Amino acid sequence: MVVGVVGGGQLAQMLHQAAIGLGIRVVVLDPDPRCPAALAGARRFDGTWTSRDDLIAFARSGVDVVTFDHELSAPDDLRALEAVAPVPIRPAPATKLLGQDKLHQRRTLSAQGVPVPAYAPVADMAEVEAFAATHGWPVVLKAIRGGYDGRGVWIVRDAAQAAEVLADTAGGAGLLAEELVDIAREISVMVARRPSGQARAWTAMRTTQVDGICTEVILAAPSPVEDAAAELAVELAERIELAGVMAVELFVTDGALVLNELACRPHNSGHVTMDSCVTDQFEQHLRAVLDLPLGDPAPTVPAAVMVNVLGGPAPWGAAGLGAALDVEDATLHLYGKGHRPGRKLGHVNAIGATVDQARERARRAALALGSPVG
Ligand code: ADP
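The written sequence of each chain sets the order in which its residues are numbered from 1. With the structure being a predicted model, the display of local features is reserved for residues of pLDDT at least 70 and the display and counting of side-chain atom pairs for 80 or more, all residues being used for whole-chain, interface and lining totals. Excluded from the side-chain calculations are hydrogens and water; all other atoms, namely the structure's heavy atoms, are used.

S.K.: I tried to follow the environment of A247 on my own but got confused; where do I start?
M.R.: The way it works is that DSSP assigns letters per residue, a run of H or I at least four long becomes a helix, a run of E at least two long becomes a strand, and they are numbered from the N terminus. Along the chain, A247 turns up in strand 13 (residues 244–253). Residue contacts follow a heavy-atom distance rule, with two residues in contact if any of their heavy atoms lie within 4.5 Å. For A247, the contacting residues outside a window of four places in its chain are S188, V189, M190, E261, L262, A263, R265, H267 and S269.

S.K.: So what exactly am I meant to see when it comes to helix 3 (residues 52–59) here?
M.R.: Three or four residues apart is the spacing at which side chains of an α-helix point the same way, because the helix has 3.6 residues per turn. Three or more residues of helix 3 are buried, namely L55, I56, F58 and A59. The buried residues of helix 3 all sit within an arc of 160° when viewed along its axis, so they share a single face. Looking at the buried residues of helix 3, the elements they touch are strand 1 (2–6), strand 2 (25–29), strand 3 (43–45), strand 4 (65–68) and helix 4 (75–84). When accessible area is computed with a 1.4 Å probe and restricted to protein chains, residues below 20% of their type maximum are described as buried, those above 50% as exposed, and intermediate ones as partly exposed. The arc in question is the one traced by the directions running from the helix axis out to the C-beta atoms.

S.K.: Just to check I follow, could you spell out the state of the cysteines for this structure?
M.R.: Two cysteines joined by a covalent bond between their sulfur atoms form a disulfide. Only a pair of cysteine sulfur atoms within 2.5 Å qualifies as a disulfide here. Evaluation of the coordinates by the stated rule reveals zero disulfides. In this model C214 remains outside any disulfide bridge; the closest cysteine sulfur is found in C277, 15 Å from its own. No disulfide involves C264; its sulfur sits 17 Å from the nearest other cysteine sulfur, which is in C214. On the basis of relative accessibility, which here comes to 1%, the residue C264 falls in the buried class.

S.K.: So what exactly am I meant to see when it comes to the site of the ligand here?
M.R.: Near residues are defined by distance, with any heavy atom within 4 Å of the molecule or strand qualifying the residue. What surrounds the ligand is a group of 18 residues, the closest being K102, G150, E178, E186 and N260. The definition of a polar contact used here is a pair of N or O atoms within 3.5 Å, where within protein one atom must be able to donate a hydrogen and the other to accept one, and adjacent residues in sequence count solely through side-chain atom pairs. One of the side-chain nitrogen or oxygen atoms of K102 is found 2.8 Å away from an oxygen atom of the ligand. One of the side-chain N or O atoms of E186 is found 2.6 Å from an oxygen atom in the ligand. Using the Shrake-Rupley algorithm and a 1.4 Å probe, accessible areas are obtained, with residue cover drawn only from the displayed protein chains. Contact with the protein chains removes 90% of the 550 Å² of surface that the ligand exposes when unbound. Breaking the shell around the ligand down by element, the ones donating at least two residues are strand 6 (139–143), strand 8 (175–179) and strand 14 (256–263). For the shell around the ligand, a count of residues per class yields seven nonpolar, four polar and seven charged. Gly falls in the polar group here, along with every residue not listed as nonpolar (Ala, Val, Leu, Ile, Met, Phe, Trp, Tyr, Cys, Pro) or charged (Asp, Glu, Lys, Arg).

S.K.: Sorry if this is basic, but what is going on with the packing of helix 5 (residues 93–100) against helix 6 (residues 102–111) here?
M.R.: Geometry of a packed helix pair, given as the angle between the helix axes and the separation of the axes. Look at helix 5 against helix 6: their axes get within 6 Å of each other, and the N-to-C directions meet at 110°. Taken together, the axis directions place helix 5 and helix 6 in an arrangement best described as roughly perpendicular. Judged by residue contacts, L97, L98 and Q100 of helix 5 engage K102, H104, Q105 and T108 from helix 6. Among the residues forming the contact of helix 5 with helix 6, the class breakdown is two nonpolar, four polar and one charged. Between N-to-C directions, angles span 0 to 180 degrees; the directions come from axes that are lines fitted to C-alpha atoms, helices contributing only their stretch in contact. By definition in this entry, angles of less than 35 degrees are roughly parallel, angles greater than 145 are roughly antiparallel, angles of 65 to 115 are roughly perpendicular, and the rest are oblique.

S.K.: In this structure, what is going on with a nonpolar patch on the surface? I would like to understand it.
M.R.: Residues enter patches when they are more than 30% accessible in relative terms and free of salt bridges; like-charged ones are connected within 9 Å and nonpolar ones (Val, Leu, Ile, Met, Phe, Trp, Tyr) within 5 Å. Note on definitions: salt bridges are taken to be side-chain nitrogens of Lys or Arg within 4 Å of carboxyl oxygens of Asp or Glu. A contiguous nonpolar patch, built from V153, I155 and L180 and spanning about 240 Å² of accessible area, is present on the exposed surface. For I155, the location among the structural elements is in strand 7 (residues 153–156). The class of I155 is exposed, set by a relative accessible area of 54%.

S.K.: Sorry, what's going on with helix 7 (residues 125–135) here?
M.R.: Listing the buried residues of helix 7 in full gives V128, F131 and A132. Along the axis of helix 7, the buried residues cluster in a sector spanning 100°; they form a single face. Structural note: helix 7 exposes A126, A133 and T134 on the side pointing more than 90 degrees away from its buried face. As for helix 7, its buried residues are in contact with strand 5 (119–122), strand 6, helix 8 (159–169) and strand 8. A positive phi of about 85° marks G136, the residue just after helix 7.

S.K.: Help me understand the sheet that holds strand 4 in this model?
M.R.: Two strands are said to pair when DSSP picks up at least two bridges between them. An order of 3-2-1-4 is seen for the four strands of this open sheet, with the pairing classed as parallel. In the strand order of this sheet, the two ends are held by strand 3 and strand 4, each with one partner. Across this sheet, the average inter-strand angle for adjacent strands is 30°, counted without regard to direction. Where strand 2 lies against strand 3, three bridges are found, and the strand directions are parallel. From the neighbouring strand, V28 faces strand 3, where its bridge partner is R44. Sheet strands touched by helix 3: strand 1, strand 2, strand 3 and strand 4. Its angle to strand 2, the strand with the most contacts, is close to 165°.

S.K.: Explain the packing of helix 3 against helix 4 to me, please; I cannot follow it from the model alone.
M.R.: Their axes nearest at 9 Å, the elements helix 3 and helix 4 cross at an angle of 35°. Considering only the axes of helix 3 and helix 4, their crossing is right-handed. Contacts between helix 3 and helix 4 involve R52, L55, I56 and A59 from the first element and D76, D77, L78, A80, L81 and V84 from the second. Here the contact of helix 3 with helix 4 is built from residues that sort into seven nonpolar, no polar and three charged. Handedness of a crossing is defined here by the sense of rotation of the near helix relative to the far one, left-handed for an anticlockwise turn of less than a right angle and right-handed for a clockwise turn.

S.K.: Would you mind showing me how to read the pairing of strand 9 (residues 185–193) here?
M.R.: Along any regular strand the residues' side chains alternate between the sheet's two faces. Within strand 9, seven of the nine residues are buried, leaving the element largely enclosed by the surrounding structure. Sheet topology note: the strand 9/strand 13 ladder contains nine bridges and is antiparallel. Bridging from a neighbouring strand, I187 pairs with L250 of strand 13. Bridge count for strand 9 against strand 11 (residues 205–210) is three bridges, and the pairing is antiparallel. Counterpart to E186 in the pairing with strand 11 is T207. Note that strand 9 and strand 10 (residues 199–201) share three bridges and pair antiparallel. Within the sheet, the bridge partner assigned to V191 lies in strand 10 and is A201. Connecting the antiparallel pair strand 9 and strand 10 is a turn made up of five residues, with G197 showing a positive phi of about 125°.

Set out below in C-alpha cells:
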C-alpha cells in the first residue's frame, strides 16, 4: 500500500518512519529534494502543494490515498482535486477546511453547540470597536487563514494597537475578533477516526505555549476535565466525518472547556505518543487513512513529557548530542533540518514515574542540544 502525503516536512518524515514497520510506502509531494521526509528515505514526487495540476498528478501517480503534512494547499484546489482524484483524499477537503479557516470553524462548530470564544469577522476599525464595546479590551485578532505557531494571532490592548494589525494585514484573507478567554490551562486531544466509523482518542495532553509556539506537552493521568475533552473530541471526529488523526485544542476555564482550534493531521501535541502509548499518532494516522483497524491509544507509562528542540545560538556538536543521549529515559527525534535560531529542529520525549521527573529529563536533553528551554 502506498500513502501519498502532500508536503515532506517532519510530520511526513515521522509518517514514513511509522510506515516502514507496517510494510507501507510513503511518497511525498514536495519540491525540495532535501525535505525532511525525503532525507529520511521516503520517495518524493516532484511538485508543489500550491499547484492544482501537481496535486492532481500526484493523486494519479499510483498512490492508494492522499493525505497531508500541513494546511498549506488552497481549499479550492483541494476541492478540485477531490472531484477528479482516482483515490480518496483523507481527511476530505470539507473536513480539512475546519482546520484551515478559523471563521468557518467557529461558525460550523458554534452552530452545533460546541463552546467557542465569542467571535466576529472584522473588516475595519468600526467593527473591531463594536466588538470591543460588547466584549471589552483586550481583543484577540486572528488571521482567518494561514496562521500557525502563533503567527496570525495578536492580542491588542486598545484601538491604536488594533489599527496597526489591520494596517499590517490589509489585503489578506481577513481577520476574526475574539474575546480574550481567561485561560486556566490549555489542553489538546488527539483523536483518530477511520472512514468506516471507528474512532479513538488518546488521553488529553496538557500543553504549554510560549509566544504562540508549543514548547511542552504533558501526558499524565487524566482529571475529569481531560476525560470530558476526550469525549468531546470523539464526538467531533464523528460529526465532521474525520478520516485520519486530528488535534482538538481546547482552553480550560475554571472547569469548563472552550474549543480553540482543530488541526486535521498529526500534530505537535501528539508527538509525545511516540514513546508513551501503545499506538502513536503516526501509525494511527496511516491506519486511519487506509481504513485499517485502529490501534490502542492507551498510555504505557505513568507520565511522559515532550519538549520541542528549537535552534539555539549555534548548532549542537557531538558533545551536545552525546550529553542529550546520556539522559535516562529520554528519546530524541531530530528532523535533519538546517539550523536556525528558534527553528523547530526536533523534539525530545521523556518518560518517568511522575510528570516532574519526565519533564526534568526532557528539558535536560533539549538543553544539551542548545535549545532555549523553559
Ligand atoms: P495558531 O493557529 O497560530 O496555533 P491559535 O489560535 O492556536 O493560533 O492561538 C495561539 C495561542 O494564542 C493559543 O494557544 C492561546 O495561548 C492564545 N489564544 C488564542 N486565542 C485566544 C483567545 N481567544 N483568548 C486567549 N488566548 C488566546
